[in-house]
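This is what each chain is made of:
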Amino acid sequence: MFKKMGLALSIFFMLVFMGFLCLRPGFGAEKPFQFGLLLVGPYNDHGWSQAHFEAGEYVQKKLPGAKMIYIDKVNPADRQGITIPQLVDDMVEKGIKLIIANSDDMKDGTREAAKMHPDIHFLHISGDDVLTGKASGNLSNLMGRMEYGKMMAGFAAAMTTKTGKIGYLGPLINEETRRLVASSYLGAKYAWEKVLKKDPKELTFKVTWIGFWFNIPGVTADPTKVAQNFFNTGYDVLISGIDTTEAVVVAKQKKQEGKMVWAIPYDYIGACEGASDVCLGVPYFNWGPGYLEFIQASIAGKWKSNWIWMGPDWKNINDPDTSTVGFKPGPALSSSAKKALDSFISDLGTKKVNLFEGPLYYQDGSIFLKDGEIATDKKIWYMEQLLKGMLGQSSAK
Amino acid sequence: MQTFLRYSRKMILTAVVVFCFTTLILLIAGAPPFAAYYHIFKGSLGSWSKIAHVITVWIPLTLCASGLLYTFRIGLWNIGVEGQMIMGAIFSTALLRFGIESHQPAVFLGLSFFAGAMGGGIWAFFAGFLKTKGGVHEIFAGLGLNFVAQGIILYLIFGPWKRPGVASMSGTEVFPQTLWLPFLSTIRLSPVGLVLALAAVMVTAWMLRYTWVGLGLKAIGKNQYAAFLFGLKPGRYMLLAMAFAGGFAGLAGCLQVAGIYHRLIPAISSNYGYLSLLVVMLSNYNVWVAPGVAFFFACLNIGSIQLPMMLRVDSSLSGVIQGALVLATLAIYAWQTRNKQKERQN
């Protein structure tokens with residue numbers, strides 16, 4: 001009895017299976033322009049990857065002929081045994097013409113894949129392969145000038161702190177993260193010394209690195225514990241530099257326990273949601289305009305291998321159509337601090353204030369910028385150490 | 001013929017059970033089950049490059065499974081295979097690092113295989129030594145050594161082997177292309193790895209079937225004390241079996257470094273060690289069935305990546321299918337034994 005039923009069932013399923021094989025989608029008349037998006041984290045992480053995901057949706061809205069195919073959690077811990085070149089092969093088979101790789105972690109894989117698919121366009125976010133000359137002609141780099149966003153974050157933190165101790169939840173250490181932490185410090189220092197006119201010695205700014213862009217249990221330091229540790233040791237404002245939202249989550253818990261603490265998340269415009277009583281605001285990326293530019297160039301056949309570092313639109317840094325970097329003030333930011341922040345932002349825009357102006361020293365005391373020297377883009381991009389006055393590791397021990 | 005029929009009947013029954021179970025899970029998850037199966041199928045065998053991807057997963061799985069056949073034959077649970085693979089990757093990375101500046105990269109590439117096999121072998125030998133001399137059960141020794149290996153790899157990546165100016169768990173600097181295992185560029189498949197995996201299956205089949213070593217392993221596996229009375233030394237054979245298992249696993253680790261990632265990353269073993277344990281159990285410890293099961297598992301691993309891309313379903317479904325397969329096999333086995341016992345009683 002069982003034998004017959006099993007046989008009948010398996011024949012039935014095999015027929016269904018074969019039916020599916022025959023039902024391939026026909027090659028229709030007009031094909032949409034398909035672009036692929038490789039996200040390092042979950043598409044709904046309220047951070048780095050979500051900002052990219054929503055930019056993809058923005059492009060679909062602006063360009064009715066464009067269609068996004070995305071895959072998230074593209075990292076060796078989450079998708080074991082899957083490599084970037086493999087995913088790219090698959091996307092190319094699906095007819096995708098342009099592929100966006102959204103993480104620093106995908107640098108080598110993207111470069112390798114780009115060499116193997118010369119007729120497909122690649123956009124690697126946050127990389128510098130074009131600058132270093134390692135990129136093939138079909139590979140471009142895009143990054144936002146988050147230094148400004150981080151300066152605003154540091155400014156808001158210093159305006160708020162009661163203990164004078166600001167913590168920074170750092171991801172891994174490389175050039176990008178060094179310059180972003182340093183920018184936060186410069187913003188905080190400016191607010192502390194120039195606006196609040198307080199003693200520089202009373203400001204403490206410390207970074208602790210977890211080892212990757214987000215928590216990988218057993219591999220990285222646990223960002224939740226790092227955040228708790230900051231709040232338990234007198235740091236009352238925590239700036240996040242990682243892809244996910246641990247900083248605000250822990251701050252909220254501490255607030256409920258009765259501590260006066262605040263946090264500043266990162267990456268995604270909606271990162272303050274649900275943590276309004278501790279969130280001072282969020283410096284965020286708005287990748288939509290940048291994506292659109294590259295995708296339109298690709299469609300029009302005007303692709304060029306470029307390294308682009310897009311900044312805020314100083315007319316309105318929160319304009320979704322023009323500004324790549326923005327800062328959305330949070331509900332916990334006091335009105336006086338917000339007023340000061342607004343004037344700081346306008347001073348940055350008019351170049352009245354340039355925080356990357358010498359004299360500035362590296363952590364070991366060597367000169368980063370001479371007196372009166374204004375840093376070039378390259379000098380900021382390739383910062384070798386943290387700045388003097390900051391606590392924390394500049395590179396691996 | 002009779003056994004073949006019985007075997008295939010069992011397999012179909014298992015497949016149906018697993019099929020119903022995963023379909024149920026998919027329905028609960030709100031995904032169209034047939035579309036999911038279709039995408040897994042098409043995503044793993046739908047094109048030559050997909051098949052090549054499957055084979056790149058099949059290679060380390062088969063290598064580990066071949067090694068595990070020795071230890072299972074003698075009755076050892078070599079759960080440390082994961083750590084042995086990691087140590088193989090570490091040893092071969094260490095050797096390849098010497099090759100970066102050299103003018104004869106091919107020599108270092110060749111030597112890295114030996115280094116990998118040695119790394120895995122040494123690590124397995126530790127577990128075997130603890131078992132035979134220290135009386136530590138090999139499961140505990142293996143698990144402990146897995147953790148140690150994971151600790152060592154993290155330390156090396158974040159410490160001595162870090163990229164200049166960088167502290168990241170991303171992995172070490174990519175090796176220059178001269179140190180990559182040569183591969184067919186269109187389908188990204190290394191023939192060397194394929195040959196090694198096939199050779200591993202052949203050698204294992206021959207060793208276990210036709211040599212004194214194979215016979216000794218089997219004898220000790222069946223009855224340690226009887227074998228001892230026959231003059232076999234179980235301790236030595238256990239160490240030998242462990243060394244074989246570790247060697248093959250280390251080789252798999254080496255291929256992951258030289259052939260797939262071209263650098264050392266924390267997740268270098270991709271859990272293939274643990275997965276290969278399932279492969280061997282599911283294949284009923286048969287050396288000719290194991291590569292087939294490994295191929296099926298590899299198809300699931302590669303094909304399931306289509307689920308999040310096309311259907312927005314989490315790809316961990318492949319893990320569900322694999323786990324369900326093993327559980328169903330065990331359940332059916334238990335059911336049959338119980339039936340047999342009942343028959344006997346009647």
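Everything numeric in this text was worked out from a predicted model, so none of it was measured.

Some thoughts on the overall build of chain A
Logical step 1: When you go through chain A residue by residue, the secondary structure sums to 12 helices and 14 strands.
Logical step 2: Taken along the three principal axes of its C-alpha coordinates, chain A extends 85 × 55 × 40 Å.
Logical step 3: Sequence-distant contacts in chain A: of pairs separated by 6 or more residues, those separated by 24 or more amount to 68%.
Logical step 4: About 16,500 Å² of surface is accessible on chain A, with carbon and sulfur atoms providing 55% of the total.
Logical step 5: A distance of 2 Å separates the average location of the 45 positive side-chain charges in chain A from that of its 42 negative side-chain charges.

Some details on the nonpolar core
Logical step 1: Membership of the largest hydrophobic core comes to 215 residues, with the highest contact counts inside it found for Leu38, Trp287 and Phe344 of chain A.
Logical step 2: For this core, the element with the most residues is helix α3 (residues 48-73) of chain B, which contributes 14 residues.
Logical step 3: In terms of domain composition, this core takes at least three residues from each of domain 1 (33-144 + 288-310) and domain 2 (146-284 + 327-381) of chain A.
Logical step 4: Each residue touching Leu38 of chain A, except ones within four places of it in the same chain, is listed here: Ile71, Val74, Ile84, Leu87, Val88, Met91, Ile99, Ile100, Ala101, Asn102 and Met106 of chain A.
Logical step 5: Listed in part, the 21 residues of the second largest apolar core include Leu169, Leu238, Val248 and Ala263 of chain A.

Overview of the interface of chain B and chain A
Logical step 1: Across the contact, 51 residues belong to chain B and 47 residues belong to chain A.
Logical step 2: Overall, the association of chain B and chain A removes approximately 4,200 Å² of surface from exposure, summing both partners, and the carbon and sulfur fraction of that is 62%.
Logical step 3: Area buried by chain B at its contact with chain A is led by Tyr38, Arg188 and Met309 of chain B, which between them contribute 15% of it.
Logical step 4: A salt bridge links Asp108 of chain A to Arg163 of chain B; the nearest nitrogen and oxygen atoms lie 2.7 Å apart.
Logical step 5: Applying the counting rule to chain B against chain A returns 16 residue pairs in polar contact (both at pLDDT 80 or more).
Logical step 6: Secondary structure elements with two or more residues in the side of chain B that touches chain A: α1 (2-29), α2 (33-45), α3, α6 (138-158), α10 (234-261), α12 (290-303) and α13 (306-311) of chain B.
Logical step 7: Grouping the constituent residues of the side of chain B that touches chain A by class yields 27 nonpolar, 15 polar and nine charged.

Brief notes about the pattern of salt bridges
Logical step 1: By the definition in use, this model includes 16 salt bridges over all chains.
Logical step 2: The partner of Asp342 of chain A in a salt bridge is Lys338 of chain A, and the shortest N-O contact between them spans 3.4 Å. With Asp342 of chain A and Lys338 of chain A both in helix α11 (residues 335-349), this residue pair falls four residues apart, about one helical turn.
Logical step 3: Looking at Lys338 of chain A, the relative accessible area reads 33%, which means it is partly exposed.
Logical step 4: Residues joined by salt bridges that share partners form a network here, namely Asp90, Glu93 and Lys94 of chain A together with Lys50 of chain B.

Quick look at the domain arrangement of chain A
Residue and element names in this part refer to chain A.
Logical step 1: Per the domain assignment, the segments making up chain A are domain 1 (33-144 + 288-310) and domain 2 (146-284 + 327-381).
Logical step 2: A separation of 28 Å is found between the C-alpha centroids of domain 1 and domain 2.
Logical step 3: The partner domain 2 presents 24 residues to the 22 residues of domain 1 that form the contact.
Logical step 4: Taken over both partners, the interface formed by domain 1 and domain 2 buries close to 1,800 Å², and the fraction arising from carbon and sulfur atoms is 63%.
Logical step 5: Interface area lost by domain 1 to domain 2 is led by His46, Trp48 and Trp309, which between them contribute 33%.
Logical step 6: Linking domain 1 with domain 2 are zero salt bridges.
Logical step 7: Between the two partners, domain 1 and domain 2, sit six residue pairs in polar contact (both at pLDDT 80 or more).
Logical step 8: The greatest single-element share of the side of domain 1 that touches domain 2, amounting to four residues, is contributed by helix α2 (residues 48-62).

Here's the deal with the side chain of Ser323 of chain A
Residue and element names in this part refer to chain A.
Logical step 1: By the secondary structure assignment, Ser323 is in the loop between β11 (307-310) and β12 (325-329).
Logical step 2: The class of Ser323 is buried, set by a relative accessible area of 1%.
Logical step 3: A distance of 2.8 Å separates the side chain of Ser323 from the backbone oxygen of Ile317, its partner in a polar contact.
Logical step 4: Not counting residues within four places of it along the chain, the set of residues in contact with Ser323 comprises Asn286, Pro289, Gly311, Pro312, Asp313, Asn316 and Ile317.

A few points about a nonpolar patch on the surface
Residue and element names in this part refer to chain B.
Logical step 1: A cluster of nonpolar side chains, namely Val107, Leu111 and Phe114, defines an oily patch on the protein surface of about 300 Å² accessible area.
Logical step 2: Tracing the backbone through its elements, the reader meets Phe114 in helix α5 (residues 105-132).
Logical step 3: Exposure remark for Phe114: the relative accessible area of 62% places this residue in the exposed category.

As for the side chain of Asp104 of chain A
All names here are of chain A.
Logical step 1: Turning to its location among the elements, Asp104 is positioned in the loop between β3 (98-101) and α4 (107-116).
Logical step 2: Despite its burial, Asp104 pairs with no opposite charge, the nearest such side chain being Lys107 at 5.2 Å.
Logical step 3: Excluding anything up to four places from it in sequence, Asp104 contacts His124, Ile125, Ser126, Leu172, Asn174 and Trp213.

Here we look at unusual backbone geometry
Glycine aside, residues mostly have negative phi angles, and peptide bonds mostly take the trans form.
Logical step 1: The linkage connecting Gly358 of chain A with the following residue, Pro359 of chain A, adopts the cis geometry, with an omega of 0°.
Logical step 2: Mapped onto the secondary structure, Pro359 of chain A falls in the loop between α11 and β13 (360-361).
Logical step 3: Despite not being glycine, His46 of chain A shows a phi value in the positive range, around 55°.
Logical step 4: One non-glycine residue, Arg312 of chain B, lies in positive phi territory at about 60°.
Logical step 5: With respect to the secondary-structure elements, Arg312 of chain B resides in the loop between α13 and α14 (317-345).
Logical step 6: Of the residues examined, Arg312 of chain B reaches a relative accessible area of 41% and is grouped as partly exposed.

Reading the values: the criteria
- Residues numbered from 1 in each chain as written.
- Chains lettered and ligands numbered in written order.
- Predicted model: local features only at pLDDT ≥ 70, side-chain atom pairs only at ≥ 80, totals over all residues.
- Heavy atoms only, no water.
- Helix = DSSP H or I, 4+ residues; strand = E, 2+ residues; numbered from the N terminus.
- Contact = heavy atoms within 4.5 Å.
- Areas by Shrake-Rupley, 256 points an atom, 1.4 Å probe, with all protein chains shown as cover.
- Lys, Arg positive; Asp, Glu negative; His and termini not counted.
- Charge placed at Lys NZ, Arg CZ, Asp CG, Glu CD.
- Core = buried A, V, L, I, M, F, W, Y, C linked by side-chain atoms within 4.5 Å.
- Buried < 20%, exposed > 50% of the residue type's maximum accessible area, 1.4 Å probe, protein only.
- Domains from an automatic or database assignment.
- Buried area = accessible area lost by both parts, 1.4 Å probe.
- Salt bridge = Lys/Arg side-chain N within 4 Å of Asp/Glu carboxyl O.
- Polar contact = N/O pair within 3.5 Å; in protein donor to acceptor, adjacent residues only side chain to side chain.
- Nonpolar A, V, L, I, M, F, W, Y, C, P; charged D, E, K, R; others polar.
- Patch = residues over 30% accessible without salt bridge, like charges linked within 9 Å, V, L, I, M, F, W, Y side chains within 5 Å.

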